[in-house]
Amino acid sequence: MSSPIRKAINSDALTRLAQAIAVAVSATLAGCSSHVPQTEATHTPNIAARAKQKPVWLSEKPTPQIPQDVWERMRQGFQLQDNLGVNPRIEQQRLWFASNPSFLENAGERGSLYIHYIVERLEERNMPLELALLPVIESAYNPMAYSRADAVGLWQFIPSTGRYFNLRQTRFYDGRRDITASTTAAMDYLTRLHDMFNGDWLLALAAYNAGEGTVSRAIERNERLGLPTDYWNLPLPAETQAYVPKLLALSQVVLAPEAYGVNLNPIANEPYFQVVEINQRMDLSKVAAVANIDEDELFQLNPAFKQRTTIDGPQHLLVPTSKAQLLTASLSTMRPEELISQRSFKPVFEGADESEIANLKRAYRVKRGDNLGTIAKANKVDIKDLQRWNKLTGKDLKVGQTLVMQDTTKRKSGRVNTVVAANSKTNGRVTNKTQQTQYKVKQGDSLYMVAKRFNVEMQHLKRWNPRVGQALKPGQMLTVASPN
């Protein structure tokens, strides 16, 4: 029985009990009044007055308290715990979580940036809040997680499924790592599966893991054999057999973490980030400096920008709520060139083809006092090119007018001409012309994440660290080479 139902039943029972007590008291008082001795008559008016006071019925429920902790808010929205009974498959998974408390604790720390947003989106759709724990199972709440099946992001979309749910994937941007876009896609997908399997969330979750075709074929097989077609009786792959019990077991641990030796740090029940609209290309490191945001934190909120620049993606950024107003105010007064690091764009332009160049256009909004000469100089372009790109016949500009800044230095092959330092042409070898950096592996790191962090090829990272296996250990030291 769900907690809301239990609360309703308890409330109704208390109401009926209160009503019965009130009637009994009234009857007793009435009976007593006819047998009161004359000497006690002076007290009768007070008793009668108290009896006539308007009763306060227990059915008048107090306003429910809003949880201060997102974990508690999540617990109140659990919908998948009824009728589970004793289930060895769930118990096996629950035992694992109890034996490895740091897994959930660390995933909760990483997810503290995103959980409130996901819980709110689930509530808007009246979906079970256990689904806010699905990224714990899928990616340990690591937006940079990458699987052998080429699944990426918090919700682990493979390329084809990502594209089906409008998660664009280009050289500069991967919507599967976009926090808001991938969350919308995951909920759309889960809703579709829920409808497909007649409102059965366990079958929908199994299909999210194994694909709707696999689950449908298992159901058809059991129907032919006259066997039950619920999740627990389907012949599914071993991973899917454990997938749903894992989520249910995790939910039970979150319901009573202390009972399993798990310490879940409270997460404030308030938005961690806000959406700030942008209208030009920006370097995340520059944005972080302007708004006094830790650069790594900003990238964790915007991991879809693979080159740490706002190219080829949505025209907005997620920033910590406490810094949103400062960033908005700062952007309104800054020139575009102040938000671009030319050095950071060398890996961006290298190897880009013509179809990608269309996405590299920069925009500049004309301010009071601007002229073509100052704008062209600031953006390192020619005035004639600026006129041609914007179809300007003269030199007159209007305040607020938007100008396109487009790089036209192309090779004959149609690729962008870029200046690349000779010492970067080492095919990943560490030479005396490259700078070596020692990186200490952190909890949750992978070779993929480290390679992305330093903007190097993973094959090069492996070559520089031949004794390092695929699985990294916290505290391990890695050699990373980068051009001087």
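Quick caveat, the model's predicted, so the values are computed rather than measured.

## Digging into the packing of helix α6 (residues 115-124) against helix α9 (residues 179-196)
Consideration 1: Interhelical geometry of α6 versus α9 gives an angle of 35° and a closest axis separation of 11 Å. Crossing handedness for the pair α6 and α9: right-handed. Contacts between α6 and α9 involve Tyr 117, Ile 118, Arg 121 and Leu 122 from the former and Thr 180, Thr 183 and Met 187 from the latter.
Consideration 2: For the contact of α6 with α9, the per-class residue count stands at four nonpolar, two polar and one charged.

## Let's talk about empty space enclosed by the protein
Consideration 1: Counted under the stated rule, the structure contains three cavities of 30 Å³ or more.
Consideration 2: Size it by volume and the second largest cavity reaches roughly 60 Å³.
Consideration 3: The wall of the second largest cavity is formed by Tyr 173, Asp 178, Ile 179, Leu 301, Asn 302, Ala 304, Phe 305, Pro 314, His 316 and Leu 318.
Consideration 4: Partitioned by chemical class, the residues of the lining of the second largest cavity number seven nonpolar, two polar and one charged.

## Considerations on helix α5 (residues 101-111)
Consideration 1: Those residues of α5 that fall on the buried side of the exposure criterion are Leu 104, Ala 107, Gly 108 and Gly 111. All buried residues of α5 fall inside an arc of 105° around its axis, so they share one side.
Consideration 2: In this structure, the buried side of α5 is in contact with α3 (70-76), α6, α7 (134-139) and α12 (238-255).

## Observations concerning the environment of Pro 257
Consideration 1: If you trace the backbone, Pro 257 turns up in the loop between α12 and β1 (273-277).
Consideration 2: With sequence-adjacent residues up to four places away left out, Pro 257 is seen in contact with Arg 75, Val 262 and Leu 264.

## A short note on the packing of aromatic side chains
Consideration 1: Counted under the stated rule, the structure contains 11 aromatic pairs.
Consideration 2: Summarising the aromatic geometry, the rings of Tyr 173 and Phe 305 are spaced 5.8 Å apart at their centres and angled 55° between planes, so their arrangement reads as tilted. Placement of Tyr 173 in the loop between α8 (159-164) and α9 and of Phe 305 in the loop between α14 (295-301) and β2 (316-320) is noted, with a sequence separation of 132 residues between them. Of the two residues, Tyr 173 and Phe 305, neither departs from the other in class, the shared state being buried.
Consideration 3: Counting every residue linked through ring pairs, the aromatic cluster contains Phe 157, Tyr 164, Phe 165, Tyr 189 and Tyr 208.
Consideration 4: The residue whose ring lies beneath Arg 121 is Tyr 117, and the NZ or CZ to ring-centre distance is 4.7 Å.
Consideration 5: The lysine or arginine in question, Arg 308, covers the ring of Phe 299, its NZ or CZ lying 4.1 Å from the ring centre.

## Some points on the pattern of salt bridges
Consideration 1: Applying the stated criterion across every chain yields a total of 13 salt bridges.
Consideration 2: Residues Arg 308 and Asp 296 are paired through a salt bridge, measuring 3.7 Å at the closest nitrogen-oxygen approach. Placement of the pair is Arg 308 in the loop between α14 and β2 and Asp 296 in helix α14, with a sequence separation of 12 residues.
Consideration 3: Taking relative accessible area as the criterion, Asp 296 reaches 27% and is therefore assigned partly exposed.
Consideration 4: Glu 338 is paired through a salt bridge with Arg 335; the nearest N and O atoms lie 3.8 Å apart.
Consideration 5: The exposure class of Glu 338 is partly exposed, given its relative accessible area of 34%.

Rules of the game
Here the residue index of a chain counts from 1 through its sequence in written order. Reporting of local features is limited, given that this is a predicted model, to residues whose pLDDT is at least 70; pairs of side-chain atoms are given and counted only at 80 or more, and all residues count toward the totals for whole chains, interfaces and linings. Only hydrogens and water are set aside when side-chain values are computed; all heavy atoms of the structure are taken into account. Every angle, taken between N-to-C directions, lies between 0 and 180 degrees, and every axis is a line fitted to C-alpha atoms, over only the stretch in contact when it is a helix. Numbered from the N terminus, helices here are DSSP runs of H or I no shorter than four residues, and strands are runs of E no shorter than two. Handedness of a crossing follows from how the near helix is turned relative to the far one, being left-handed for an anticlockwise turn of less than a right angle and right-handed for a clockwise one. Any pair of residues with heavy atoms lying within 4.5 Å of one another is described as a contacting pair. Gly counts as polar in this scheme, as do all residues outside two lists: the nonpolar Ala, Val, Leu, Ile, Met, Phe, Trp, Tyr, Cys and Pro, and the charged Asp, Glu, Lys and Arg. The way it works is a 1 Å grid over only the protein atoms, where trapped points that fit a 1.4 Å probe form a cavity and open points with protein on both sides within 12 Å along at least five of seven lines form a pocket, and then any residue with an atom within 4 Å of a point lines it. Grid points are joined across faces, edges and corners, and a volume is the space filled by probe spheres set on the points. In this scheme, a residue with accessible area under 20% of its type's maximum is buried, one over 50% is exposed, and one in between is partly exposed, where area comes from a 1.4 Å probe on protein chains only. Directions pointing from the helix axis toward each C-beta atom define the arc. In this analysis, rings of Phe, Tyr and Trp, with Trp reduced to its six-membered ring, are considered paired at centre separations within 6.5 Å, and the interplanar angle assigns stacked below 30 degrees, edge-to-face beyond 60, and tilted for intermediate values. For a lysine, the NZ atom is tested; for an arginine, the CZ atom; a charge sits over a ring if that atom is within 6 Å of the ring centre and within 35 degrees of the ring normal. Salt bridges are defined by distance alone: a side-chain nitrogen of Lys or Arg within 4 Å of a carboxyl oxygen of Asp or Glu.

By themselves, these observations are geometric and do not establish any function.
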